[in-house]
Amino acid sequence: MHKIMFVLLCLLSGCAAQHNNIKLANQLQQEPPEKILSILSETEPDQSDFAQYYLNLGYLQLLSGEFELSIDSLLKAKNEMLSLQATSISENVAAGTVNETFRRYSGYPTDRVMVHNMLALGYLFNNNIDDARVEMLQADVAMKKLAENDQLNGQLASTHLLSAIIYELLDERSNAFISYQLAEKILKERNISLPKGLKLGLLRMSDKMGNDTQYQYYSQQYPALSKQKQIKQKKHQVFGLYFDGVVSNKVQQSLAVPSFNGKQIVRVSMPTYASIQRRTQHNQINDDKQQINSEVVENVDKLVREDLDKEYPSILLLTTTRAISKYQLVKEAQDKDPILGLLANLATIFSEVADLRSWNMLPATIQFSYLETDADNIVVSSNHQGDSVVELAAPNQHVILSTGLSDKVFHYEQ
């Protein structure tokens, strides 16, 4: 009987929590981040959902301009994911007996790298570029570990791009050039067109380093941009980052069939992503003379689907093992008492829930734009949020972050 009660615990556990989280992520597409943040802040995470909760909380705090709180939340999530490199035996037993929501969320490869991106942005907009640099160094280490068995596993072009921007702000020309090259390599491997701003970065850094061979190579690759580069550099450099939309949520697929002897129902549930047709939105930065459209540097929606595809064999194995364990539990109960067996079967059916947890409030795409201008003001605009005027003061280097979810525009300058 105690085994049946253990199974029934699921009905009072994180099953409801993950559905509430999905509901909030869906609301984020219509409601401002500040409203979703206020709702999420009122809840306390289960131990199993600790990392997911603070990943989403930290991201919403970042979009709301609460940079210190965002850094604190994302650090909690990062440290939790690091501590869960080796999952405890007790959690494996619970996941193998009831469902996988009993296991503490340890993040997918995209989460483990993207958390460094968001932390670096939090530090940068909190005027702490040195700690932003440290995060990008840690991101590079994380990507190298993830790439050991799969060349593109956990490899984010946006991470290398952000590293390049930070290195360029610090005038670390060689590091910036290498990071631009790494971003270029990943984008080519993923068959994503290189943003114009990235091409200009390769030309700009190879020129500043005095690397004639590389500059000549990229001049031949991008002759029109090379001629543009030869024009006198303008007063301000503007690096634009744009977060478009919200990444997809997982959905559950379940199958219930009678056992071979017809005495019980066996149910299995697996996570998947629904097929969707997503229309990518872009923003623009203009200074009255130029209008620069943002271009995709990271298709996060595709990355999270790839993460699940890689995990699918192990999830299927655990789900099958769990179905066998539940079948045996019900059989033992039926042998003792038919009523007890019926209750046990109902418990195993209703407790079979797919793990739908993910960092499900991330942007669907991350986009980049680059502008050089002599203007004292620029206008940042998007289809959803209208126009925002950004003043470019005496400093000559600027990083702009905007999103299709809010009219807030964040500005770092030096």
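The rules behind each value
- Within each chain, residues carry numbers counting from 1 in the order of the written sequence.
- Totals for whole chains, interfaces and linings use every residue, but because this is a predicted model, local features are given only for residues with pLDDT of at least 70 and side-chain atom pairs only at 80 or more, for both listing and counting.
- Note that the side-chain values use all heavy atoms of the structure and ignore hydrogens as well as water.
- Under the scheme used here, helices are H or I runs from DSSP no shorter than 4 residues and strands are E runs no shorter than 2 residues, and both carry numbers assigned from the N terminus.
- One bridge is not enough; two strands pair if DSSP finds at least two bridges between them.
- Fitted lines through C-alpha atoms give the axes, limited to the stretch in contact for helices. The angle between two N-to-C directions lies from 0 to 180 degrees.
- The term salt bridge refers to a side-chain nitrogen of Lys or Arg lying within 4 Å of a carboxyl oxygen of Asp or Glu.
- With a 1.4 Å probe rolled over the protein chains alone, any residue whose accessible area is under 20% of its type maximum counts as buried; one over 50% counts as exposed, and the rest are partly exposed.
- Multiplying 1.5 Å by the helix residue count minus one yields the expected span of that helix.
- Confidence scores here are pLDDT values: one per residue, from the predictor, ranging 0 to 100.
- By the convention used here, residues are in contact when the closest approach between their heavy atoms is within 4.5 Å.
- Both site types are read off a 1 Å grid over the protein atoms alone. A 1.4 Å probe that fits but cannot get out defines a cavity, while an open set with protein on both sides within 12 Å along at least five of seven lines defines a pocket; lining residues have an atom within 4 Å of a point.
- Grid points are joined across faces, edges and corners, and a volume is the space filled by probe spheres set on the points.
- Gly counts as polar in this scheme, as do all residues outside two lists: the nonpolar Ala, Val, Leu, Ile, Met, Phe, Trp, Tyr, Cys and Pro, and the charged Asp, Glu, Lys and Arg.
- Each nonpolar core is a collection of buried residues, namely Ala, Val, Leu, Ile, Met, Phe, Trp, Tyr and Cys, held together in the definition by side-chain atoms within 4.5 Å.
- Put simply, two rings from Phe, Tyr or Trp (the six-membered ring, in Trp's case) pair if the centres are within 6.5 Å, and we call them stacked under 30 degrees between planes, edge-to-face over 60, tilted for the rest.
- Note on geometry: a ring has a charge over it if NZ (lysine) or CZ (arginine) is within 6 Å of the ring centre and within 35 degrees of the ring normal.

**Student:** Help me get a handle on unusual backbone geometry, residues and values and all.
**Tutor:** Despite not being glycine, Asn191 has its phi angle at roughly 60°, a positive value. Mapped onto the elements, Asn191 comes out in the loop between α10 (173–189) and α11 (196–209). You will see that Asp288, though not glycine, has its phi angle at about 80°, which is positive. Structurally, the position occupied by Asp288 is in the loop between β4 (283–286) and β5 (291–293).

**Student:** Help me get a handle on the pairing of strand β3 (residues 265–273), residues and values and all.
**Tutor:** Where strand β2 (residues 250–258) and β3 come together, nine bridges link them in antiparallel fashion. Residue pairing in the sheet places Val257 in a bridge with Val266 of β3. In this structure, the hairpin formed by β2 and β3 is closed by a connection of six residues, where Gly262 is found at a positive phi of approximately 70°.

**Student:** So what's going on with the sheet that holds strand β11 (residues 409–413)? Residues and values would help.
**Tutor:** Neighbouring strands of a sheet are bound in pairs by backbone hydrogen bonds; such pairs are parallel or else antiparallel. Read across the open sheet, the five strands follow the order β6-β7-β1-β10-β11; overall the sheet is mixed. Whereas interior strands pair on both sides, the edge strands pair on one side only; in this sheet they are β6 (295–299) and β11. Strand-to-strand twist of the sheet, defined as the mean angle between neighbouring strand axes without regard to direction, takes the value 20°. Here strand β1 (residues 236–244) runs beside strand β10 (residues 397–403); their pairing, made up of seven bridges, is parallel. Looking at β10, one finds that Val238 is bridged to His398.

**Student:** Any details on the pattern of salt bridges? Residues and values, ideally.
**Tutor:** Applying the stated rule across the entire model yields 20 salt bridges. With a closest N to O distance of 3.6 Å, Lys76 and Asp72 form a salt bridge. Pair noted here: Lys76 and Asp72 are both in helix α5 (residues 67–83), with a separation of four residues, about one helical turn. Between Glu189 and Lys185 there is a salt bridge, and its shortest N-O distance comes to 2.9 Å. Residue Glu189 and its partner Lys185 are both found in helix α10; the two are separated by four residues, about one turn of the helix. For Lys185, a relative accessible area of 42% corresponds to the partly exposed category. In the salt-bridge network here, residues are joined through shared partners; they are Asp49, Asp355 and Arg357.

**Student:** Hey, could you go over helix α7 (residues 109–125) for me, with residue numbers and the actual values?
**Tutor:** Between its first and last C-alpha, α7 extends 25 Å over 17 residues, near the 24 Å set by a 1.5 Å rise per residue. Of all 17 residues in α7, 16 are buried, a share of seventy percent or more. Directly after α7, the chain includes Asn127, whose backbone phi takes a positive value near 60°.

**Student:** Quick one: what's the story with the confidence of the model for the protein chain, residue by residue and with numbers?
**Tutor:** Chain-level pLDDT for the protein chain is 89 on average; 90% of the residues reach the 70-or-more range. Considering only residues more than four positions removed or in separate chains, one finds that residues 3–7, a stretch of pLDDT under 50, has 15 contacts.

**Student:** Explain the layout of surface pockets residue by residue, including any values.
**Tutor:** Computed from the structure, the largest pocket encloses a volume of approximately 780 Å³. Lining the largest pocket are 31 residues; nearest its centre among them are Leu84, Ser106, Gly107, Tyr108 and Arg112. Secondary-structure elements contributing two or more residues to the lining of the largest pocket are α5, α7, α8 (129–146) and α14 (300–336). Split by residue class, the lining of the largest pocket holds 14 nonpolar, seven polar and 10 charged.

**Student:** Hey, could you go over the nonpolar core for me, with residue numbers and the actual values?
**Tutor:** One broad trend across soluble globular proteins is that nonpolar side chains are buried collectively. Among the nonpolar cores identified, the biggest contains 89 residues, and Met118, Tyr180 and Trp359 are the most heavily contacted of them. The greatest single-element share of this core, amounting to 10 residues, is contributed by α7. Apart from residues lying up to four places away in sequence, Met118 is in contact with Tyr59, Leu62, Leu74, Phe243, Trp359, Leu362 and Pro363. Membership of the second largest hydrophobic core comes to nine residues, among which are Ile292, Leu371, Ile378 and Ile400.

**Student:** Please provide a residue-by-residue account of the environment of Met114, values included.
**Tutor:** Mapping Met114 onto the fold places it in helix α7. Sequence separation of Met114 and Gln138 is 24 residues, and the distance between their C-alpha atoms is 11 Å. Ignoring any residue separated from it by four or fewer positions in sequence, one finds Met114 in contact with Leu156, Ser158, Val300, Trp359, Leu362 and Ile366.

**Student:** Before we move on, could you go through the sheet that holds strand β9 (residues 386–391) and cite the residues and values that matter?
**Tutor:** Read across the sheet, four strands follow the order β5-β4-β8-β9 without closing on themselves; strand pairing throughout is antiparallel. In this open sheet, the two edge strands, each paired with only one partner strand, are β5 and β9. Neighbour to neighbour, the strand axes of the sheet diverge by 20° on average, direction disregarded. Relative to β9, strand β8 (residues 377–382) is paired through six bridges, and the arrangement is antiparallel. In the strand pairing of β9, Ser382 is matched with Gly386.

**Student:** Let's hear about the packing of aromatic side chains: which residues, and what values?
**Tutor:** Inspection of every chain in the model, using the stated rule, returns 12 aromatic pairs. With centroids separated by 4.9 Å and ring planes inclined at 75°, the aromatic side chains of Tyr217 and Tyr218 adopt a geometry described as edge-to-face. A residue is classified by how much of its surface remains accessible, and Tyr217, at 36% relative accessible area, is partly exposed. Their ring planes at 55° and their centres at 5.3 Å tell us that Phe239 and Tyr370 sit as a pair that is tilted. Placement of the pair is Phe239 in strand β1 and Tyr370 in strand β7 (residues 365–373), with a sequence separation of 131 residues. Taken individually, Phe239 and Tyr370 each receive the classification buried, so the pair is uniform in this respect. Through a chain of ring-to-ring contacts, three or more aromatic side chains come together here, namely Phe177, Tyr217, Tyr218 and Tyr222. Over the ring of Tyr370 we find Arg204; its NZ or CZ atom is 4.2 Å from the centre of that ring.

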